[in-house]
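The residues making up each chain are set out below.
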Amino acid sequence: MKERGINNTFKKIIYESSEMVFLADDTYPYNIFYTNEAFDKTIGEKLEDNTLVGLGLDINSYIFSEEMIINFLDQEFVFNIELPQENGSNYFLFYKGKEMRAQGMPTKKQTGLFFKNVQDLIGIGQENFLTWISNSVKDILGYSPAEMTNVELCQFFHPEDLPKVHQLVLAGKNEITNSHFEARMLSSRGDYKWIDWNVNFVAGEFYAVGRDITEEKLAQEKNDWKNELTNLGEIVSKSGVWEIAIPENNVILSDGLYAIFETEKGRNFNIDQIITFFLPEFRSVFQKSLTELMAIGKDFDLKLKIKTNSSTEKWVRIIGKGQFKENSVSKVFGTIRDISDENDLLTELGLYKEMFEHSPESILISNISGEIIFTNQEANKKLGIVPKSGYSFKIGDFETKFSVEADWESHIHQLTNENNLIYKTQYTNLDKTEIHMEVNSCLVEINQIKYILSFARDITERVGLEKTLQESSEFLLHLTEQVPGALYQFVLDKEGQMKFSYLSPGIKELLGIKEGELKDFSDISLAINKVHSEDIALVLTSTVTSARTLKPWNCQFRVREKTDGQFKWVYGAAKPEQLESGDVVWYGYLTDITDQKKFEENLKSAREQAERASQIKSEFLSMISHELRTPLNAISGSVYTLLQDDHTSHQASALNTINFAVDNLIIMINDLLDYQKIEAGKLTLENNPMNLKEVVNQVVKGLEFHAKDSRNKLVLNIQEELNQDVKGDKVRLAQVLNNLVTNALKFTNNGEVEINVRLSENSEEKIKAYFSVKDTGIGIAKEHQSRIFNQFDQIQHSFSKKYGGTGLGLSITKRLLEQMDSQIGLESELGLGSTFFFEIVFEKTKKQLIPIQQKENVSLLPFSKIKLLMAEDNDVNALVLGKIIKKWGIDYDRVNNGQEAVDAVKNEKYDCVLMDIQMPVMDGFEATKIIKTISNIPVLALSAAAKQDLIEKIDQSGFTGYVSKPIDASELLKKIKEVLNQS
């Protein structure tokens, strides 16, 4: 080649360069006059025409370019170019020549083959249409390249993916050079294909490559669905999967387990942290099972309790399994399921089964064919079924109405329509006994299987009761129609209106209502018109009072007779009830009490007569006792004076006999008077301080002579604790003891009477004393013991003859003890003796220290210096009393009435007055009152009446003391000394 324009200095460097260099003339045909070694090896040796035209160049196309591409033998080469005008020469300079394939670009042929056989979509386009697309579009979408070019591309995209396409176009306009997206494109077959697009934007054009990922998408969707299904399954089943990789011991949890543990998803846990979820009592069990699983691959299945991240306690079932690799555990995995509901359900089902089993009602469950598949204990008991006996039964075996198949099918059909039936029937158990039952039957469906659930209640008793009630109802209806009088229901409403809502037929006879008037007789005014005018106000006011207080109404009133205009007495009674509406309803009856009223009037008259008779009897007894005491007083006084005179032993015996007879007469009179007082309710008890021991000692001491006379030994045993002051009636207590001891002495001969008194209870304010009188006398037979306390009863008349007495002593004793809130008891055996006993509660007295008043120092006058005034209207009594007083050596004056006694005191000085109570002109009470106004002289009352009858008047009249008649000389002398201060 001709070498021109080349500096020799650079020749060698240019020639040996790896890049191609050559020079060409600037005139046509542009002969190449210089080439280097790289050009010769690559192009020059193959070039036939050593010109630019021979290389296929149109130099005019590169006048304004700095780079050109030469195609030669299906190869492309790139060169930098300098034009003649650029370097001031007459040739073109081509340098830095390189084959483009060397930079990764295929040849045109290769490119053609590539685009022809490529499986991906390749397209070039502008805006929203393609200018070129590869032939692979036919295989992928079924279109020819012509069908896809120069048309609106949006029509091929799925409507849901169009927003992505529009966003892509917008990105191209905003000169975002590349983008990637997935979209569905419509194929010629009408289905959509998933295409994964990569798009580059260059100078207003886009170059896109798309790959069909439909199968991957479907596989991914299937896999996503499986994952979603798994997640849904975990949610529904409340379970999750866990895995522990060995040896790293990393814990992997599924989403379901995060839900069970109630913690955030994705949180990493180690084994120790997982263990802390279990309650302390279960941790060791889980830890041991997990250790064995990881060490030797021993599976486990546990039910444990956990506490979640939000402190909720749950029951879980945890299953663990191992995976082996080369005979060692490489991985452990398992499931955890929340079984709290199941656990509760099992407990609940167990509870329901237990409730069913022990229900008081019979429960039977049968299938649709009527075969019984369950019976509880009550049903077994009622029907006689033996559980687990191997026998099967049908409902028709017991409920005979279903023994016919058509009736059972009708029952099922009715249950299907109504779902629930309640009916009464009869069951026949295996013993052929009929039982009345009320059955509640329902149709239930479980797992598409229908069952009949029957609750049967035994109503045999109720059926019997209903039958009885029906009979009773008929009886009551008949009774209300036949009962004398009338039953009614009366209403007072909240408006104040009164009316009868029910009246039995008896009202017709009671109020004189005609048959036709009864149905209209609801107005209260019609009934009021029948009532006596004087009783109307009573009926109305009592009714209003009952309505206000809701207390029972009772009223007696008169109604007019329907015939003669007379009035009959009616008694009405009713019980009110207030209803929720505010109305008041009375349920009551009216009855004719005319005969009862007449009887009451007769009874009242008889009672008044009896009271008058009793008063006459009391007055008679008082008069007789007074009249008897007067001669007895004379006899007693005369005997006393005779005993004071000289007498023989024979005379003394006779006088003692007379004295004993007088004493017995006095006791009999006292008994009669006491009995009369008790019967009349006039006997009252005193409640004054007394010393118990002293009272008992006085009684016993007073009866020592009687005991000696009857040749009996009298023994007293009394506890020292009873030597204290209590409140009570000293006289009546002494009377009780005296009666019992006297009675014991009377019926004992040459024996012993023992009085025992002991303390049985002791408190701060009260004591209870026990008294007993035991004798060794004749005793009382068992059959007679209940009679001895009766009045005037001496068991046998022979006793009356032998022992005497009124027969009132024990009766009075019993009555006195009853007034003291006590009861007398008796233990006796015929021929061995008797024991009478009782207990009395006494109130303790609080001792007060009272300063002892110094008595006036009165000289002890001899009896000859004392002068008495005797006021006595009876001459015999005056004579006897005078003899007694003279025996003492005391002087006295006698007056015949109270007025004379007053005048005597005014005119004469006396030391004491003996005042009889009953005297003419002025009695002893009035006289004493006057005497006390003029003198301080002591006045002693003398009376044949009992002191209890006179005590109040005696105190009010100012008497200083009291001595009863017949006069006991020693008692009188004692009283005179006391009042004269000479005791």
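This one's a predicted model, so the numbers in the text were calculated from it and none came from an experiment. (Residues numbered from 1 in each chain as written. Predicted model: local features only at pLDDT ≥ 70, side-chain atom pairs only at ≥ 80, totals over all residues. Heavy atoms only, no water.)

Asker: Can you break down the packing of helix α22 (residues 692–702) against helix α24 (residues 730–746) residue by residue, with the values?
Answerer: The geometry of a pair of packed helices is captured by two quantities: the angle between their axes and the separation between those axes. At a closest axis distance of 10 Å, the pairing of α22 and α24 adopts a crossing angle of 45°. Here α24 runs oblique to α22, going by the angle between their axes. Crossing hand, α22 versus α24: right-handed. Across from Leu692, Val695, Val696, Gln698 and Val699 in α22, the residues of α24 making contact are Lys730, Leu733, Ala734, Leu737 and Asn738. (Axes fitted to C-alpha atoms, helices over the stretch in contact; angles between N-to-C directions. Helix = DSSP H or I, 4+ residues; strand = E, 2+ residues; numbered from the N terminus. Parallel < 35°, antiparallel > 145°, perpendicular 65-115°, else oblique. Left-handed = near helix turned anticlockwise from the far one by under 90°. Contact = heavy atoms within 4.5 Å.)

Asker: Can you lay out the pairing of strand β16 (residues 362–367) for me, pointing to particular residues and giving the numbers?
Answerer: Within β16, 6 of the 6 residues are buried, which leaves the element mostly enclosed by the surrounding structure. By the alternation rule, side chains of β16 split into Ser362, Leu364 and Ser366 and Ile363, Ile365 and Asn367, which are all buried. As judged from the 6 bridges shared by β16 and strand β20 (residues 449–458), these two strands associate in the antiparallel manner. Counted as the bridge partner of Asn367 is Tyr451 from β20. Two elements, β16 and strand β17 (residues 372–375), share 3 bridges in a ladder whose sense is antiparallel. If you follow Ser366 over to β17, its bridge partner there is Ile372. Hairpin geometry of β16 and β17 is characterised by an intervening segment of 4 residues between the two adjacent antiparallel strands and by a positive phi of about 95° at Gly370. (Buried < 20%, exposed > 50% of the residue type's maximum accessible area, 1.4 Å probe, protein only. Pairing = 2+ DSSP bridges.)

Asker: How would you sum up the sheet that holds strand β34 (residues 891–895)? Please name residues and give values.
Answerer: The 5 strands lie next to each other as β34-β33-β35-β36-β37, forming an open sheet whose pairing is parallel. Both outer strands of the open sheet, β34 and β37 (961–964), are each paired with one neighbouring strand and no more. Pairs of neighbouring strands in the sheet enclose a mean axial angle of 20°, with direction left out of account. Two strands pair when backbone bridges link them, and strand β35 (residues 912–916) and strand β36 (residues 939–943) are joined in this way by 4 bridges, in the parallel orientation. Within β36, the position partnered with Leu914 by the bridge is Leu940. Strands β35 and β36 of the sheet are contacted by helix α29 (residues 924–934), whose axis makes an angle of about 155° with β35. Packing of helix α31 (residues 969–979) onto the sheet brings it into contact with β33 (867–871), β35, β36 and β37, and relative to β36 it is tilted by some 160°.

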